[in-house]
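Okay, here's what each chain looks like letter by letter:
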Amino acid sequence: MRELVDIEGLHPRDLTQRQRLLLIFLVSLVLVVLFYTVVYNWGMRALENRPQSIFRSFQTVVETMTTTGFGADSPWATPAMNVLMVSIQVTGVIIGFVTLRVLVIPLFERTPLNLADRLTSKNNHVVIAEYQRDTDMLLDELEELDIDYVLIESDEEEAKRLSDDGYQAIKGDPEERTDLDRATIERASLLITDAGDKTANIVLTALEANEDLRVVSFTESTRHETALTEIGVNRSVAPHALIGQRLAEKATMPVTVADQSDGDEVDVREILVRRNSPLHDVRVRNSPIANHPNLTLVAGWFDGELRLPPSPDDKLTPNTVLVIAGPESEIDEITNEIGGVQTRRIGTPSHLIVAGFGEGGTAALEALPADVSVTTIDESAERNPDVVGDITEPETLHEAGIDSASALIVTVDNDSTALMTIAIARSLSSEVEILARVTDGDKTRAAFRAGADYVLSIQQVSTRLVAAEVHGERVMAPTSQIRLIRADAAPFAGESLADARHNTEHGWTVVGVSRADTVHTDERTTIKADDEVIVAGSDDAIQKFERTVTSS
């Protein structure tokens with residue numbers, strides 16, 4: 001349970017509506033008591049000719065307002081003082097009623113009268129109109145990033161639970177303008193919808209209130225994208241299809257090395273960080289790979305997001321995939337040294353299996369290169385897969401060619417089925433690379449234990465998508481292939497290989513230097529004008545390198 005926010009020390013705009021009301025009430029009460037104390041003290045001296053200390057007057061005012069008595073000061077001789085005392089009594093009764101209504105009754109009610117009373121003041125915030133995934137995970141991410149938001153939840157018990165836990169959630173129907181207004185939609189900058197068939201109505205209603213609103217919609221199918229764009233959705237995301245596409249890209253990411261006929265060998269491999277690896281929770285800058293003098297950290301996949309190159313501050317967690325380049329013997333040596341990792345020499349796979357031919361499996365198939373042999377499996381003949389059958393049965397996987405497959409992409413909708421498929425496939429082949437999609441983020445570790453090499457969770461990816469959209473960043477977009485090329489070293493003449501490697505802000509990096517039929521990867525090597533440099537980067541980055549560096 002999250003702790004309630006203390007009023008003391010907070011700026012008024014950080015307070016909820018109820019906290020602001022309580023603060024106003026307390027300040028007003030103090031001011032009224034002080035006012036009556038000063039007036040009463042003056043009256044006792046000037047009108048009643050009975051001077052007394054200010055503290056005695058304060059006591060009498062409090063006794064009168066709380067109806068506990070007047071003490072030794074009564075009776076009063078002058079009409080003005082009697083009128084004053086009646087005014088103090090009436091004020092005390094009113095304040096007592098307000099105290100009962102504002103403070104006492106809500107403490108004993110099971111639910112607040114209006115969850116919107118708990119909302120802090122909002123401006124340029126995010127309004128989330130329903131969320132059908134792991135709501136706590138999403139809201140924790142937004143709060144960690146200090147992003148203002150309001151979640152509209154139609155289920156009363158869920159809305160109360162979230163509000164009681166300190167989240168900015170209200171109970172309401174996002175199709176109703178009044179409930180959107182309670183979330184201050186007119187001052188919001190972004191609307192996130194995850195409401196299925198209600199999406200169109202929600203978007204249209206919200207845009208009536210705020211035509212400048214940016215809208216991101218989660219949808220179950222990419223077929224809805226055109227229609228959603230027509231009604232004002234800026235970006236529609238189908239997580240199942242997006243992850244299927246990403247798994248396909250991950251399974252077929254090739255690296256090409258230009259002209260190896262002279263015998264030079266620069267190997268490029270992926271290193272998958274497993275849960276029991278000593279690299280677990282180590283930052284990139286402190287990893288033995290990043291600090292190795294003969295190896296270059298080209299790129300990294302962090303929960304499905306390609307970072308080329310990785311930031312030194314990125315933390316290596318299970319499911320991180322590092323792309324490194326260097327001499328084959330050096331890669332083998334460091335892999336044995338750090339242990340707990342699995343490596344894969346990068347190349348175009350010969351045969352892939354896609355298990356689950358729904359939205360995700362279809363997207364994976366469409367993302368695969370045309371020259372890759374693919375076998376699809378699904379238990380439904382209506383989806384027209386290559387193999388119809390139960391993917392948790394060994395016979396089905398054998399029929400699909402699991403013995404010779406280089407990779408298996410698992411995109412079934414049920415996590416239990418996915419875990420069983422992974423376990424069966426791993427028992428049938430120790431060589432096949434298994435890439436899987438799960439719905440529940442908590443099932444990621446279970447998928448690793450079952451034998452998967454790479455796992456993406458719909459809940460985690462959806463959360464990251466929302467956080468990235470708030471910052472205007474694009475994530476999980478189709479990525480270009482990573483390439484290795486040879487280029488004239490003249491632009492780098494006189495620099496050390498370490499200096500050239502550190503120039504990574506353009507998305508490419510220098511892996512090594514080819515000189516006299518030998519590739520040098522030691523970072524202390526000084527580059528000469530007649531050398532060749534081996535450069536790694538995405539397609540776009542390499543094209544930019546060729547335009548801006550080699551052509552200059």
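Reference entry: report on the structure contained in this document. The shown structure was predicted, so the numbers you read here are calculated from the model rather than taken from an experiment. (Residues numbered from 1 in each chain as written. Predicted model: local features only at pLDDT ≥ 70, side-chain atom pairs only at ≥ 80, totals over all residues. Heavy atoms only, no water.)

**Considerations on the packing of helix H9 (residues 239–251) against helix H15 (residues 458–470)**
Part 1 of the reasoning: The N-to-C vectors of H9 and H15 enclose an angle of 100°; their axes lie 10 Å apart at closest approach. Judged on the interaxial angle alone, H15 and H9 are roughly perpendicular. Of the residues in H15, those in contact with Pro239, His240, Leu242 and Ile243 of H9 are Ile458, Val461, Ser462 and Leu465.
Part 2 of the reasoning: Of the residues in the contact of H9 with H15, the class split is six nonpolar, two polar and no charged. (Axes fitted to C-alpha atoms, helices over the stretch in contact; angles between N-to-C directions. Helix = DSSP H or I, 4+ residues; strand = E, 2+ residues; numbered from the N terminus. Parallel < 35°, antiparallel > 145°, perpendicular 65-115°, else oblique. Contact = heavy atoms within 4.5 Å. Nonpolar A, V, L, I, M, F, W, Y, C, P; charged D, E, K, R; others polar.)

**A word on the sheet that holds strand S17 (residues 407–410)**
Part 1 of the reasoning: Read across the sheet, six strands follow the order S16-S15-S14-S17-S18-S19 without closing on themselves; strand pairing throughout is parallel. Of all strands in the sheet, those bounded by a partner on one side alone are strand S16 (387–388) and strand S19 (454–457).
Part 2 of the reasoning: Across four bridges, S17 lies against strand S18 (residues 433–438) in parallel orientation. What sits directly across from leucine 408, in S18, is isoleucine 434.
Part 3 of the reasoning: The strands touched by H15 within the sheet are S18 and S19, with S19 carrying the most contacts at an inclination of about 60°. (Pairing = 2+ DSSP bridges.)

**What to know about the pairing of strand S2 (residues 149–153)**
Part 1 of the reasoning: Within S2, five of the five residues are buried, which leaves the element mostly enclosed by the surrounding structure.
Part 2 of the reasoning: Judged by which residues are buried, S2 turns out to be covered on both faces: Tyr149, Leu151 and Glu153 on one side and Val150 and Ile152 on the other are all buried.
Part 3 of the reasoning: In the classification by handedness, the crossover that spans strand S1 (residues 126–129), the intervening helix H4 (residues 135–144) and the parallel S2 is right-handed.
Part 4 of the reasoning: In terms of strand pairing, S2 meets strand S3 (residues 169–171) through three bridges, oriented parallel. Pairing of isoleucine 152 across the sheet is with isoleucine 170, part of S3. (Buried < 20%, exposed > 50% of the residue type's maximum accessible area, 1.4 Å probe, protein only. Right-handed = clockwise from strand over helix to strand, strands pointing away.)

**Here's the deal with H4**
Part 1 of the reasoning: Buried within H4 are the following residues: Thr135, Leu138, Leu139 and Leu142. Angular distribution of buried residues about the axis of H4 spans 90°; they occupy a single face of the element.
Part 2 of the reasoning: Contacts from the buried residues of H4 go to S1, S2, helix H5 (156–164) and H15.
Part 3 of the reasoning: Its side-chain oxygen at 3.3 Å from the backbone nitrogen of aspartate 136, aspartate 134 defines the N-terminal cap of H4. (Arc of directions from axis to C-beta. Polar contact = N/O pair within 3.5 Å; in protein donor to acceptor, adjacent residues only side chain to side chain.)

**Description of the packing of aromatic side chains**
Part 1 of the reasoning: Scanning the model with the defined rule gives six aromatic pairs in all.
Part 2 of the reasoning: Summarising the aromatic geometry, the rings of tyrosine 131 and phenylalanine 218 are spaced 6.1 Å apart at their centres and angled 80° between planes, so their arrangement reads as edge-to-face. Pair noted here: tyrosine 131 is in the loop between S1 and H4 and phenylalanine 218 is in strand S5 (residues 214–218), with a separation of 87 residues, a long-range link.
Part 3 of the reasoning: Classification of tyrosine 131 by relative accessible area gives buried; the value is 6%.
Part 4 of the reasoning: Since its relative accessible area comes to 3%, phenylalanine 218 is described here as buried.
Part 5 of the reasoning: Ring centres of tryptophan 508 and phenylalanine 545 lie 4.9 Å apart, and the angle between their planes is 70°; this geometry places the pair in the edge-to-face category. With tryptophan 508 in strand S21 (residues 508–515) and phenylalanine 545 in helix H17 (residues 539–550), this residue pair connects regions lying 37 residues apart in the sequence. No difference in accessibility class separates tryptophan 508 from phenylalanine 545, as the two residues are buried.
Part 6 of the reasoning: In textbook terms, an aromatic cluster arises when at least three aromatic residues are bridged by ring pairs, as seen for Phe492, Trp508 and Phe545.
Part 7 of the reasoning: Against the face of tyrosine 149 rests lysine 122, its NZ or CZ located 5.9 Å from the ring centre. (Phe/Tyr/Trp six-rings, centres within 6.5 Å; stacked < 30°, edge-to-face > 60°. Lys NZ or Arg CZ within 6 Å of the ring centre and 35° of its normal.)

Worth remembering: the numbers are spatial, not functional.
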